[in-house]
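Observations on the three-dimensional arrangement
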Amino acid sequence: EGGWVNEDSCLSEDDPRATAMIQAEQLMLQSMQHASVIRFAGIYGGAGGRLLDRIRRGELNPEKPVRYSNRIHREDCAGFLYHLIERVESGRSIEPVYNGVDAQPAPQWEVDRWLAEQMGVKSEGLDKHTDPGQRTGTGSPPGHKRCSNRLLIDSGYKLKYADYRAGYAAALTVKARE
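None of the values given here were measured: they were computed from a predicted structure.

This paragraph deals with the overall build of the protein chain. Scanning the protein chain for helices and strands turns up seven helices and eight strands. Sorting the 178 residues of the protein chain into buried and exposed places 40% on the buried side. Within the protein chain, contacts between residues separated by at least 24 positions form 86% of all contacts whose residues are at least 6 apart in sequence. Accessible surface for the protein chain amounts to roughly 10700 Å². Of this, 52% is attributable to carbon and sulfur atoms.

Taking 1.5 Å per residue, 12 residues should reach 16 Å; helix H4 (residues 108-119) reaches 16 Å between its end C-alpha atoms and fits that length. Within H4 the residues assigned to the buried category are Gln108, Val111, Asp112, Arg113, Trp114, Leu115 and Ala116. Of the residues flanking the end of H4, it is glycine 120, one or two places downstream, whose phi is positive at about 75°.

This part is about the pattern of salt bridges. Under the counting rule described, the total for this entry stands at eight salt bridges. As a salt-bridge pair, glutamate 75 and lysine 160 come within 2.6 Å of each other at their nearest N and O atoms. With glutamate 75 in helix H3 (residues 74-89) and lysine 160 in the loop between helix H6 (150-154) and helix H7 (164-177), the pair connects residues that are 85 residues apart, well separated along the chain. A salt bridge links arginine 165 to glutamate 110; the shortest N-O distance between them is 3.5 Å. A residue pair is termed long-range when its members are at least 10 positions apart, and arginine 165 in helix H7 and glutamate 110 in helix H4 qualify at 55 residues. Given the relative accessible area of 31%, arginine 165 is considered partly exposed.

What follows is about the nonpolar core. Leu51, Ile55, Val111, Leu115, Tyr164 and Tyr168 are the most contacted members of the largest nonpolar core, which has 15 residues in total. The residues contacting valine 111, other than those within four sequence positions of it, are Leu51, Ser69, Arg71, Ala106 and Tyr164. Judged by nonpolar contacts, the second largest core, of 11 residues, contains Cys77, Leu84, Tyr98 and Leu159.

On to the packing of aromatic side chains, then. Taken as a whole and assessed by the stated rule, the structure comprises four aromatic pairs. Residues phenylalanine 80 and tyrosine 98 carry aromatic rings whose centres are separated by 5.1 Å and whose planes lie at 85° to one another, so their mutual orientation is edge-to-face. Placement of the pair is phenylalanine 80 in helix H3 and tyrosine 98 in strand E6 (residues 97-100), with a sequence separation of 18 residues. Since its relative accessible area comes to 0%, phenylalanine 80 is described here as buried. In this structure tyrosine 98 comes out as buried when scored by relative accessible area, which is 2%. With a centroid separation of 5.6 Å and an interplanar angle of 65°, the aromatic rings of phenylalanine 80 and tyrosine 157 are classed as edge-to-face. Of this pair, phenylalanine 80 sits in helix H3 while tyrosine 157 sits in the loop between H6 and H7; the two residues are 77 residues apart in sequence, bridging distant segments of the chain. The pair phenylalanine 80 / tyrosine 157 is uniform in exposure class, with both members buried.

Let us look at unusual backbone geometry. The step from lysine 64 to proline 65 runs through a cis peptide bond, and the omega angle for that step is -5°. For proline 65, the location among the structural elements is in the loop between helix H2 (50-56) and strand E4 (68-69).

Cut-offs used in this document
Residues numbered from 1 in each chain as written. Predicted model: local features only at pLDDT ≥ 70, side-chain atom pairs only at ≥ 80, totals over all residues. Heavy atoms only, no water. Helix = DSSP H or I, 4+ residues; strand = E, 2+ residues; numbered from the N terminus. Buried < 20%, exposed > 50% of the residue type's maximum accessible area, 1.4 Å probe, protein only. Contact = heavy atoms within 4.5 Å. Areas by Shrake-Rupley, 256 points an atom, 1.4 Å probe, with all protein chains shown as cover. Expected span 1.5 Å × (residues − 1). Salt bridge = Lys/Arg side-chain N within 4 Å of Asp/Glu carboxyl O. Core = buried A, V, L, I, M, F, W, Y, C linked by side-chain atoms within 4.5 Å. Phe/Tyr/Trp six-rings, centres within 6.5 Å; stacked < 30°, edge-to-face > 60°.

Structure representation (structure tokens):
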């Protein structure tokens, strides 16, 4: 419902894929190995990707109902993994679970419109009534929550791309050079 979730929030058990991931997390955390789970959301950063392809086709999410999305640039994924490994190697503790997301969950329509503007896709006449449920093939919209990255930040990691604007600006620059 667009509310905030953190690493301790209840997990969905309605979806068989989610249940399988939850079981895998539990097996890893209960193993004899020192482990931590990082729940990365919406990894992006290349010159391509489904979202940029969708925007190029003019498929933008509608403003209503509001659907929040969470994401993280691939360089921050790698940087955060490296950061946690350094913490462990230096004898410092890490949390069992982290949300791997940037600092700004945003309504998907806002991200879509910003990207369309940056990419020079004219917004007039675009399909602004795309049903997110149709794209997932499930008939229901993808997750609608805002993920907190408080534990990621509290670990001492500094995001290179704190929000979608900074991260996608870098990704679009890469695309322009190709």
